[in-house]
Structure formats: C-alpha cells, structure tokens
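Structural overview for review
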There are 2 protein chains.
Amino acid sequence: MEERQENPVLGVLRRYLPILTWGAEYSRRTFGNDLIAGAIVTIMLIPQSLAYALLAGLPAQVGLYAAMAPLVLYAIFGTSRALAVGPVAVASLMTAAAMAPLATQGTPEYLAAAIVLATVTGLILLAMGLLRLGFLANFLSHPVISGFITAASVQIAAGQLGPVLGIGAGGENLLHIAKSIGRNIGQVRPLTAAIGLASILFLYWVRGGLKPLLQRLGMGARPADILSKAGPAMALVATTVVVWGFGLDARGVAVLGKVPQGLPQIALPQFEAGLWTTIFVPALLIAIVGYVESISVALTLAAKRRQRVDPNQELIALGIADVGAGVSGGFPITGALSRSSVNFGAGAETPAAGAFTAAGIALTVLFLTPLLFFLPKATLGAIIIVAVLSLVDLGALKRTYTYSRADFLAMAATIGLTWVKGVEAGLVAGVALSLFLHLYKTSRPHIAVVGQIPGTAHFRNVKRHVVITDPEILSLRVDESLYFPNARFIEDTINMAVAENQALRHVILECPAVNDIDASALESLEAINRRLKDGGITLHLSEVKGPIMDRLKRSHFLQELTGKVHLTQFDAVSSLKPDLARRTLESRRTPTTDVRTPDGDGQS
Amino acid sequence: MEERQENPVLGVLRRYLPILTWGAEYSRRTFGNDLIAGAIVTIMLIPQSLAYALLAGLPAQVGLYAAMAPLVLYAIFGTSRALAVGPVAVASLMTAAAMAPLATQGTPEYLAAAIVLATVTGLILLAMGLLRLGFLANFLSHPVISGFITAASVQIAAGQLGPVLGIGAGGENLLHIAKSIGRNIGQVRPLTAAIGLASILFLYWVRGGLKPLLQRLGMGARPADILSKAGPAMALVATTVVVWGFGLDARGVAVLGKVPQGLPQIALPQFEAGLWTTIFVPALLIAIVGYVESISVALTLAAKRRQRVDPNQELIALGIADVGAGVSGGFPITGALSRSSVNFGAGAETPAAGAFTAAGIALTVLFLTPLLFFLPKATLGAIIIVAVLSLVDLGALKRTYTYSRADFLAMAATIGLTWVKGVEAGLVAGVALSLFLHLYKTSRPHIAVVGQIPGTAHFRNVKRHVVITDPEILSLRVDESLYFPNARFIEDTINMAVAENQALRHVILECPAVNDIDASALESLEAINRRLKDGGITLHLSEVKGPIMDRLKRSHFLQELTGKVHLTQFDAVSSLKPDLARRTLESRRTPTTDVRTPDGDGQS
C-alpha cells in the first residue's frame, strides 16, 4: 500500500530496510533534534545499563556493550521512529533466571551463556519475523504479561534490597529472596544503607519535586521534564564523588571497581548443541515478553505522531538487534519503556537518535569507565528499585477481577507462580492457563432456544421474551462459530433437547453469529442430522452466512440434510408451520416485548 | 430436568447409578431380549478379545479377563442402553505402544504394567467425569481422531501380516513394520499363510455374501444379519478343528497353546510412583481416544431410539470399567463400534445385555479354554485385519481436503507422524497442530471496512457493495469475538488504517458479531482509544451486545472513550455526519446493490 509504481526490488529493500525511507529525507534540522535526544538518552542509559547488567548477574561493562550494537542495528532495521532499545529490567531478571541452572555468576561460562542466550533470542525473533509468526505473541494474553511484569518488578525490587542495604539477598524467586533477606537483615552495613536509601529518596524526589522546582525557577516545562530524567545520572555522580572523597570503599561500601576500558570484541557465540537446546525455552520466553513490551511502546509513541510501525518488521529488527547484542558481547535487550518515552519527548525524529546514543555509550566505554571505579553498587540498586517499582500495577489485579474472573485467574496464577517458583514457571503457567480457560469458554458457547415475538417476524430467546413456540419445532440460536472446541457440546445440547421432548418433529439452527464451521463441526452437524433422521426429526438451518454456504456446498452435508437451509428464521418456521408463523406475525404485539432489548438479542 | 419432585439424594443416586432407573422397569420381556443380544455379542467377543490381547502383546486370556468386569461395571454406571465395552483394536495398539519402552512382551512386568495402564486410564476418565472436564476431549478435533484411527488401523493390519504369514513383522510404527516384513518375506510358512489367507477370504465373504445367501435360503433379514456377524467365531472353530485334525501345530502352524482356565484374581495394581508417572501421558491419550470413540457410538445408537446418553456420566462409567479391567487382570478397554452395533441390532434394551455377555465370557474362561489350544494365531490375525480395515477411511482425507485445508493439514500430519514415529507422536502432533491452526485462524479475524448502501440504513463491506463512505469516517465491522488471540491484530489493523489516511477524524467499530471482549481485548480497545485520541481521532462503537455493554460498564473504558456507543451503525454515522447519512438514506437505491446479499453480510 505504501509504495506505488516502484521498482519491486526497491520495494522489498525499503520494507526490510526502513532506513532507506527515513534516511532519504534526512535533514540538518532532523540531525539536530536527533542529536539532542540521543545525548539525553545516553545520560539515562549509562546508569541503567550498568545496573541491569549487575541484575542479570553480569559484569557492569556488559550492560554498556549491550547498549551499542543493538541501537545501531535497530536504527537500520526498525520501523519505530522513537523506540530506544537496550538492556531492560525484566529481560535482565529473566536472563539471570535462565542462566542460574547453567553456570555460576562471575565465571566466563556464565558470560558465554548470556551471549548465546542473546543470540538465540535474536534468532527466534528473526525467524518469527521472516516466517510471519508474530501472532505467536498472542499466546501471551494481556493479564498474563501485566501480571508477570508486576510480579517480576516486585521480585527485582526485593532482590535489590541486597546491594542497597549491603547484605546478601539472592534467590530465583520472591520466596527465596525474602528468606535470604530475613536471614541477613542483622548484617546491614550502615554506610551502604545510608547511600542506598538516600539515593532512593533523592530519585523519588527528582521524579516528583524537581520538575515543579525547576519550573518555579523559570525553566520551561520541556527542559525541566528532561532534566528530571537525569536523576539517576546525578545520583551516580554524587554518590561516586562521596565514596571517592571520603574513601568509603575502604569502609565497607561495595563499589563497581575496575570496569574494562575499550570497545567490545566482535565474536561469534560458541556453538554447543546442548546449550542451545537447553537455552531455547528461556530464549523464547524472553523473545516474546520483550517483543510484546517493545511493540506496545512503539505503537503508543507512533500513534502520537500518526506514524506507522510494522509489527512484523519489528520482530526482524529486534531479532537482528539481539543477535548484535550477542556477537558484541552483550546480553538480551529489547525496547525500553522509560528511555523510549524520554527519547520521544526529547524530540527524536528518526532512529538515528538511537545511533547517536550508541555513539555516546561508545565514548563512555572508551574514556569514562575509569571514573566508574568508585560508583557504589547501592546507588545502582536504588536506581533499579525506583525504576521497577513504577512498573508495578497492583490496581490491574482489581480492575481485571471486576471485569473478568477468567482473566483474573490467569493473572493471579502468573503472579503467584512467579513469586513462588520463578519467572519461567510463572509465565508458562499463565500462558497455559489462559489457553485452557479460552478453550473452556469457547467449548460451551451460548445456545438460546428462540421463539417468534408476536406481531413481528423476529425470533428471540424464550428465557428473556414473551414469544410463541410450537412443541413440534425446536429453534436454537448458536452465538459462536462452530468448531472443534464446541462441536461436541452442540451435539450434546441437541441430543438432550431431543430426548426430553418426544413431540418434536423439526430442529432449526439459526446461525447469524456463526462465522466458521470447521471439519469437526461439519462432522457433528452430519451426525446430528443422521441421528435426528433416525428419530424421525428433520434438521433445518437458517441465516447461514455466504462464505459458510460456499464451503458447505463443497461437502455432502446439504444433500444429506433432511430439512432445508432458509434465508431467515421466519422463512424456516413459515415453511414448516405457515399458519402459526402468519398468525403470530399478524397478532397484536404484547406490550411486554420489545424488538431491540438491552441484552442485544436484537441482532437476529 | 429429568427428575421432578423427587428426593434429592435419590436424584443424585439415580444420576450416578443409571441402573436404578432402568432396573426399576426391568421386565421378563426385556430380560429375554437382553439375553439373546448378550449371547450373540459373546460369540463375537470371544475371538476378538483373544485377538486384541495378542495385539496388545499380552497373553490371550487377558483379553477375556478384560471383557468381564468392565461389562458388569458399565451395566451399573453406563447411560447407553446398547454400548458394548471391552477390548478394541486401536486401544490395544496404543497399549502395546505404551508398554514397549517399559517392559518386554511375555514378562510378568509387561502384564503388571498393562494392569497399571488400565487403572490409570480409568482413574483419568473418572477424574474427568467427576471434575466435569469432559470438554478436554474437544482438544481432539475430528480430523485428528479420524486420521488417527485410519493410520492406526493400517498399521495394525500391516502388523498382523506377521501371524497371518507366519513371519516376524514387529515395530512401533508402519515404517518399522514394513522393513521387518521386507526382511522376513522369504520365510513365509505356507500352511500358516494358507490358514491366514483363507480366513481373510472367508471373513470377507461372510461380510458380503453370507447374508444374501441365507436370505435366499429363506432366513429372515435380521437373523441372517446376526448370523453373518458370527463369521469370526466360525473361522475360529473351523481352523481350530483343521489344525487339531491334521496335527498342523506339529508342522509349524503357530497355535494359541495352553490358555489358563478359571476366573481372574482380583488384585490391586502395584503402586510404583515412577511407573504411574511415566504411564500418565499414554494413559491420557488412551482415555481420550477411547472416550471420543465410545461416546460417538453411544450417541449414534441412542438417537435411533430417542434415548439419552449423559456424556459426563459416560466418563465416569468408562473410568470405573477401566479400573475394573485393571483390578481384574485386564488391560485398557472402551466402547466397541462393531459389537455395540450388533448388540443394538440384536435387540439389547438395557446394559444388562452386557452383563449377560460378561457371564458368557465367564463360562468360556471357566470351561472352554482347553478347546482353544489348537486355535491358530493366523486366524486371530485374519480376524483383526478384516476388523480394522473396515475402520480405514481414506476418503475422509479427500473430503477434508475439499472442505478445509487447515483441517486437512492436521489430519495428514497425524497420519504421517503415526506411521513414521508411532501412535503417541501422531496424536500429540495432531492435537498440537489443530490448536496451533485454531489460534492462527482466530488471531486474524475478518475485519471489513463498511459503508452505507444508498437508499437504506444498512452498512456493507466496501469490497462487495456499492456504498457511500466519508474520508473522515472509518467504519470497521469485526466478524469475531475480541479476545487475546486477536486483540493485537485489531490494534495493528486500526493503526495501519489510520497511518494511511491523514484525513481521518472518526473510527467506528461495528460489533454485531462480537460475542465476547476479554481483558486483553479491553486493554487493546483502551490503547486504540488513547492512540487515536493522541492523533486527534475519536473512537465510536455500534451494535454492542447487551452482556458486553454490562461488562464494559464495569471498566473505565466507557468513561475514557472519546466517542460514543451507538445503538446502530446508522445512528453512529448520523450523529457524526447527519447530512451525509440522511442524503444517502433518501437517495435512489442503485440497481446493483441489494440489502440481503449471498455472502450474508445482510446480518448487520
């Protein structure tokens, strides 16, 4: 739709390389805006990428590595103009969980496995994009992903009480972390805790109080907003200076220590069939969770400027970015909510802003890492806690409970299992439960017995309306497509209705809400037709949609059908009981009935 | 519904013990009819139960054991008046497949494992019945079960070429069996093959030729029909006499040998956690395949006499029958198609007929097993081959291909994987693929852009009709419930439509075919509403069903909605563009359009 009268090869190139489209229109003005946004995001990204690398159990510099190649690759392949990719909290926690059974933190094997994880995650996303399997992400229903983000965020925050208080607080689920904190709470290091808690208070004050203060001091709303996003960087600089100035590292405050200087080596990840196989499921989960979060941010930002995001190309772009993270020594990345919003708010117009951020990180890696030596780990813990607690949405539990019990159940199970068993168990249980509940719901569709409303040709649910029925005719309206999850339920319903009514001579299925009849349902209809025939009852259909009629004509069903297919339910009853249908149509309408009712049965 | 003004305890008892209902009306006439039917089924069942035990890799008498307790228990708990339960071919093959990795045929461990398999199968069915989880059987779509029965039948028939030709022809899938036959085809034993092939020819002649012959000789149609079902028993007697008379067992014809005399011991199956866990998945598959086949037979027969079958109570009855098979030394059983039809045709009026069959088998076990010594295994192989080849339905492949490509794919995958990898792989792949295709289909619902038909207040698909639209209004009709499999697709569709049309000011979703909006879809609608709002576009809904409106009122969506919810699509357009809607309504209808069209868009 977007390219008209164009060289088809160029069309394909443009589709897979969005940079060709925006790059062609790139101007000096765009460059200026992108550069400013890129610089602002860099200042946010430095502390976050260090913190998330530690959260994933990796050396701090790996976070910086994971923030370069992916940004450049996304700039080439991505379709969102404002998405900022890189390390994020939830994917980092999932990385730590995936690595735990494979290697010990701090060993070269652990780093090697993280690189493989990023690569496999990327290849999965890439394959989903190229094979157009993006709909697989639909398996992850909203209540499950929302519950999972809340559960993971609480768990991350709890775990970060460790560095913030200077105690051990590890574990693969909230239960373990809570026990570990309970055991070690006596060993809190006062200086570390002071830095950690002060950082948390400062970061919360920056969030809420800095922007109004700056505005009162005469700063514009937008620069004030952007400056207030630099809170983490300010905390980082301030606490590093304090630790360095007072020599607090010698008094028990854990610091980052030596962070290697220089760009990462580009190297293919090690291929070991066993590791790749074991890592597949966690990688798939990281890929899908990452994609779902990322596309949601991208769509939201694109809508604000009426730009277009191609979900399929996003899979490809994120996939390539993750592979890029892998081969440049990083770990799994995805689109980040907070940084993308800042990037957008700071005026980023194209993905080039991301490339400028990557350049900023490269300068950091090349020149600034020595300055990070005295950065207290407590500050990074505080940055993580404040960042993830903003993702916790306990209100969603209540909202979902009010709206849908089935969805609430899936959400609660995801949260509960994540906290008790860990992130993978929580996600898998949530997905399995939502599929199960979905199948359960569709396996029992609403089937209404309908009758004719006096004075009209309309047929309505006998339980809700005063209608005329005939003991020899059973009219059923099925409010669902007929397919394998419910095929047998419909058989059972009709069998039972027939067994209970010995006077019955005709069954009419009214199908206005039937959008599909699959082979299982066709088989059931044939069985229903045969069984009714054996009992001396004819089967009729009414209001069958055109595409379904076309399909039924390709089977033997219409030849075998003992009754007919009628255009309307009224036609069906008229052909069987002309007098009754006409008399009902012409009778005075009773005052208690109404054609259009609040329950919407009015449609048929 | 069935019990009125009755003691509630008695009601529950009657529900779980159908024998109380039919037993109370039992008469001498019913007794006579049931006795005749029971005797006829016994004559069919003796050769079949011996043959299916061998097919399952078990001693012949185990087949007889599995044909007693289950029939008696089903008579107490079953709701079908004519279902004949006991050993069947497909479940026997699945038993052999489940046992293969666990124990060696002919060992006590193998028999013990088969007993555990029957018990676990029974407990699964019982649990499904008591917990009302019968809808789980819906996972098995018709194309998958039909493909599976065809694949298993061909595989069983191929495997029986071994005993029929007197060669080794084993293997867990068709590929192995074919290779094994290819290797051993040089060692065919002529006498065995003569008996086997003669039996096959005789059995086919009995099927096709005996009944007309008997009728020509003056016999009535029904007795002729019933007598022609005794073919296997005749073949059994004739070939046994020939082998005994000519001493063919000494000349290389394999015979059944000593079959222990006497009733089976009742004993609890051994409990070994490891074995029970390993056996769970095969037991679940046997339970579901057995249930699906059994309920289908039961429903078909019940319909012929307008009787009622309770699918849930059938789970309970089959479960208890399978546990009964286990504790009385048998192996998994289910309702048998051929014997049930004969039972019904022979005039069985109540499940007591089954109990009489059980008594007949008990007499056989007590007194007749010595006569089975010279029964050639080739005859049993022939009986199996003729029985299972009648289950092969290759035409279903063609019919399904014509009707639905997705269903055909699931069916072909089931058949292919069963033949190449074995029964469990085939079934699991079929179920997984149908779920996958189901999710894929529902993840991309039909969404039509609609416009107003001149001269009417009706809105139709712009691609199929001459309609009036307005560049500022986008009207979309979604022909599917909105739920997590398609929530994001709808977001994407609207995002793309909006990005392509810069003049747009209003989006209207027409929802006559939307039967559900789950929490994921609600979240998507909220996101769509927010994003449209950011782009200066209002979102409206029309023709929302009552129950869905009730639900939406429990969320914040209606407050946040930038537009309104309109009763009809015409109301929606009228409120936005009163002039356009009125002018279109009053304009002369163009002759090329029609309110009710063959594609059924007429419903909205």
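Scroll up for the structure.
Sequence order sets the numbering: in each chain, residues are counted from 1 along the sequence as written. As they are written, the chains are lettered A onward and the ligands numbered 1 onward, keeping that order. Local features in this predicted model are restricted to residues of pLDDT 70 or higher, and side-chain atom pairs are both shown and tallied only at a pLDDT of 80 or more, whereas totals for entire chains, interfaces and linings draw on every residue. As a convention, hydrogens and water are excluded, and side-chain values are obtained from all of the structure's heavy atoms.

For this overlay, a least-squares fit was computed on C-alpha atoms, restricted to residues scoring pLDDT of at least 70 in both copies. Taken as rigid bodies, chain A and chain B are interconverted by a rotation of 180 degrees and an axial shift of 0.0 Å, the fit giving an RMSD of 0.1 Å. Classification of the inter-copy transformation places it as that of a two-fold axis. Across chain A, the rotation axis passes nearest the C-alpha of Ala513 of chain A, at a separation of 2.8 Å. In what follows, residue pairs with any heavy atoms lying within 4.5 Å of each other are defined as contacts. Of all interface residues in chain A, 100% are interface residues in chain B too; the two copies therefore contact each other through one and the same surface.

With that settled, the discussion passes to the sheet that holds strand E3 (residues 447–452) of chain A. All names here are of chain A. Whether two strands pair comes down to DSSP finding at least two bridges between them. In DSSP terms, a helix is any run of H or I states spanning at least four residues, a strand is any run of E spanning at least two, and both are numbered starting from the N terminus. The sheet built from six strands is open, its strands ordered E4-E3-E5-E6-E7-E8 with mixed pairing. The open sheet has two free edges, formed respectively by strand E4 (459–461) and strand E8 (565–566), since each of these has just one partner strand. Inspection of the sheet shows strand E6 (residues 506–510) paired to strand E7 (residues 538–542) by five bridges, in the parallel sense. Each bridged residue has a counterpart across the sheet, and for Glu510 the counterpart in E7 is Ser542.

Looking at the secondary structure, you find Ser92 of chain A in helix H6 (residues 89–99). We define a polar contact as two N or O atoms separated by no more than 3.5 Å, with the added condition that, inside protein, one atom must be a possible hydrogen donor and the other a possible acceptor, whereas residues neighbouring each other in sequence contribute only through side-chain atom pairs. Among the polar contacts listed, one links the side chain of Ser92 of chain A to the backbone oxygen of Val88 of chain A, at a separation of 2.6 Å.

Right, let's talk about the pairing of E7 of chain A for a bit. All names here are of chain A. Within E7, four of the five residues are buried, which leaves the element mostly enclosed by the surrounding structure. In this view, the connection linking E6 to its parallel neighbour E7 by way of helix H22 (residues 519–534) has right-handed handedness. Inspection of the sheet shows E7 paired to E8 by two bridges, in the parallel sense. Following the sheet pairing, Leu541 is matched in E8 by Val565. Three labels apply to residues, based on accessible area from a 1.4 Å probe with only protein chains included: buried if under 20% of the type maximum, exposed if over 50%, partly exposed otherwise in between. Crossovers are marked right-handed if the path from the first strand over the helix to the second runs clockwise, as seen with the strands pointing away from the viewer.

So, about the sheet that holds strand E6 (residues 506–510) of chain B. All names here are of chain B. An order of E4-E3-E5-E6-E7-E8 is seen for the six strands of this open sheet, with the pairing classed as mixed. At either end of the open sheet lies a strand with only one pairing partner, and these are strand E4 (459–461) and strand E8 (565–566). Bridge analysis of strand E3 (residues 447–452) against strand E5 (residues 473–478) gives three bridges, and the strand direction is antiparallel. Residue pairing across strands places Ile447 opposite Val478, the latter belonging to E5.

All names here are of chain B. Among the eleven residues that make up helix H6 (residues 89–99), ten are buried, leaving the element largely enclosed by the rest of the structure. Where H6 is concerned, the buried positions are Ala89, Val90, Ala91, Ser92, Leu93, Met94, Thr95, Ala96, Ala98 and Met99. Along its buried surface, H6 packs onto helix H3 (28–55), helix H7 (108–130), helix H8 (142–165), helix H13 (273–304), helix H17 (377–389) and helix H20 (423–442).

Residues and elements named next belong to chain B. Within the secondary structure, Thr121 sits in helix H7. Overall, the relative accessible area of 1% leaves Thr121 in the buried class. If we skip the residues at most four places from it in the chain, Thr121 touches Ala283, Ile286, Ala287, Asp322 and Pro332.

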